[in-house]
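Reading the structure
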Amino acid sequence: PEGFRSGFVALIGRPNVGKSTLLNRLVGEKVAITSPVAQTTRNRLRAILTTPGAQLVLLDTPGIHKPHHLLGERLVKTARTAIGDVDVVLLLVDGSEPAGRGDAFIVELLRFSRAPVLVALNKSDLVDPDRALELEDSYRELLVLSDQRADPADPGQRRSDWPLLACSASTGAGCPELVEALAARLPLGPHLYPPDAVSDQPEQLLLAELIREQVLTLTREEVPHSVAVQVERIVEDGKRIAVLATVLVERSSQKGILIGK
C-alpha cells in the first residue's frame, strides 16, 4: 500500500528486562519462550507484526551482560551483531528500578548505531505512581551524562535525543503507542512476509524452544540454563501430534533430575 513501511527492529537490553515477554505481547502470540532464568533467549528469533500501515520484523536477542563463560560470550556477541543489521533499535529497560551500570554499558554500546534508537521503560505496571517521574528522570540523566562524557568529535548519536516511552509487557499498557513510534521510524517498503505470518522460524525450532522452556521452569536451579533440546521427529496420527525430542544436559547426574526415578 502507498506509504507502507517495513523493516527490522532489534530488542536490546539487560537479561530479564522482559524482551521476550514484550515480543509475545506485540505479536499477540507466543513465539518466544520466557522464564525467570537469565539468558533464556539463545537465538536471534524473528517475530513478525503486521499493522495496516507497517510490518515490523522484531528480533529478540539474548540479554547483554558481562559474560562469565563461553556460552555467555557467544550470546552477548549475538546480541551485539544484531544492532548493526536493523532499521530501528528498541532499548528495553526495567522501568520499575533506577538506571544502573548495565544500562549505561548498553547505552555506550549503542552510540554508534546507524539506526534510530528508542528507549522503552518496561514494567510500568510495577511502578509506584509517586516514583514514576523519579525513575524516568534517572534514565534521562543517564542519556544526558553519556552525551557529556562523549568526545565533541564523537560521530555517534546524541543519546539525550532518544525518546523514552513507558510500557508494560505484562498488561499491554503503552504497547500500541510503542508500535506506532517504531513503525514511524521504519523505511518505506513492501511486505517482507505474508501479512498473517507471526514468525519465520521452522516449526521444529519453535517446538524445541517450548520444551526447553518447560525444562527451565520445572527444574530451575537444578539444571543449568545451558540445557539444549533437539527435535527428532513429529508424528501425527489424526487425533494428536507427538513430538519426539532429545534433551541434552552437561552431566550424567542431571539426567535423573529430568527423567525422575
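Calculation criteria
- Residues numbered from 1 in each chain as written.
- Predicted model: local features only at pLDDT ≥ 70, side-chain atom pairs only at ≥ 80, totals over all residues.
- Heavy atoms only, no water.
- Helix = DSSP H or I, 4+ residues; strand = E, 2+ residues; numbered from the N terminus.
- Buried < 20%, exposed > 50% of the residue type's maximum accessible area, 1.4 Å probe, protein only.
- Contact = heavy atoms within 4.5 Å.
- Areas by Shrake-Rupley, 256 points an atom, 1.4 Å probe, with all protein chains shown as cover.
- Polar contact = N/O pair within 3.5 Å; in protein donor to acceptor, adjacent residues only side chain to side chain.
- Pairing = 2+ DSSP bridges.
- Axes fitted to C-alpha atoms, helices over the stretch in contact; angles between N-to-C directions.
- Patch = residues over 30% accessible without salt bridge, like charges linked within 9 Å, V, L, I, M, F, W, Y side chains within 5 Å.
- Salt bridge = Lys/Arg side-chain N within 4 Å of Asp/Glu carboxyl O.
- Core = buried A, V, L, I, M, F, W, Y, C linked by side-chain atoms within 4.5 Å.
- Expected span 1.5 Å × (residues − 1).

**Re the overall build of the protein**
The secondary structure content of the protein amounts to seven helices and eight strands. Looking at the protein as a whole, 44% of its 261 residues qualify as buried. The contacts in the protein between residues at least 6 apart in sequence include a share of 71% that link residues at least 24 apart. Carbon and sulfur atoms form 53% of the exposed surface of the protein, whose accessible area is close to 13800 Å².

**Examining the side chain of R212**
Structurally, R212 can be placed in helix α6 (residues 203–219). In this structure R212 comes out as buried when scored by relative accessible area, which is 2%. Here the side chain of R212 touches E209 through a polar contact of 3.0 Å, side chain to side chain.

**Notes on the side chain of S20**
Mapped onto the elements, S20 comes out in helix α1 (residues 19–27). There is a polar contact of 2.5 Å between the side chain of S20 and the side chain of D60.

**Concerning the sheet that holds strand β5 (residues 117–122)**
Read from one edge of the open sheet, six strands run β2-β3-β1-β4-β5-β6, paired in mixed fashion. Edge strands, defined here as strands with exactly one partner in the open sheet, are β2 (45–50) and β6 (164–166). This sheet shows a mean twist of 25° between the axes of neighbouring strands, independent of strand direction. Inspection of the sheet shows β2 paired to strand β3 (residues 54–60) by six bridges, in the antiparallel sense. The residue bridging L49 from the neighbouring strand is L56, located in β3. Sheet contacts for α1: β1 (5–13), β2, β3 and β4 (88–94); angle to β3, the most-contacted strand, approximately 155°. Contacting β1, β2, β3, β4, β5 and β6, helix α5 (residues 175–184) crosses the sheet at an angle of about 100° to β3.

**Re a nonpolar patch on the surface**
On the surface, V247, L258 and I259 cluster together into a nonpolar patch covering about 260 Å² of accessible area. Among the secondary structure elements, I259 is positioned in helix α7 (residues 253–259).

**Section: the pairing of β1**
The buried fraction of β1 is high, at seven of nine residues. As paired elements, β1 and β3 share seven bridges and run parallel to each other. Residue pairing in the sheet places L11 in a bridge with D60 of β3. Of the strand pairs in this sheet, β1 and β4 are connected by five bridges, and their pairing is parallel. Residue pairing in the sheet places V9 in a bridge with V88 of β4.

**What about unusual backbone geometry?**
A positive phi angle, near 65°, is found at N16, a position not held by glycine. Structurally, the position occupied by N16 is in the loop between β1 and α1. Judged by its relative accessible area of 39%, N16 falls in the partly exposed class.

**Some points on the nonpolar core**
Core analysis: the biggest nonpolar cluster contains 30 residues, and V9, L22, L56, L58, L90, L178 and L182 have the highest contact counts within it. For this core, the element with the most residues is α5, which contributes six residues. Not counting chain neighbours up to four residues away, the residues in contact with L22 comprise L11, L90, L92, A169, C175 and L178. Of all hydrophobic cores here, the second largest spans 24 residues; its members include L91, L109, L110 and L142.

**A word on helix α4 (residues 132–149)**
Because the α-helix completes a turn every 3.6 residues, residues three or four places apart line up on one side. Here α4 spans 26 Å end to end across 18 residues, near enough to the 26 Å set by a 1.5 Å rise per residue. Three or more residues of α4 are buried, namely L135, S138, Y139, L142, L143, S146 and D147. Elements that come into contact with the buried residues of α4 comprise β4, α3 (101–109), β5 and β6.

**Structural notes on the pattern of salt bridges**
If you walk through the whole model with that rule in mind, you get 12 salt bridges. Its salt-bridge partner being E97, residue R14 comes within 3.3 Å of it at the nearest N-O pair. Separated by 83 residues along the polypeptide, R14 in the loop between β1 and α1 and E97 in the loop between β4 and α3 bring together distant segments of the chain. Relative accessible area serves as the criterion here: at 34%, E97 is assigned to the partly exposed category. One salt bridge in this structure joins D103 and R14, with 3.0 Å as the shortest N-O distance. Note that D103 is positioned in helix α3 and R14 in the loop between β1 and α1, a separation of 89 residues in sequence. Accessibility classification places D103 together with R14 in one group, the buried group.

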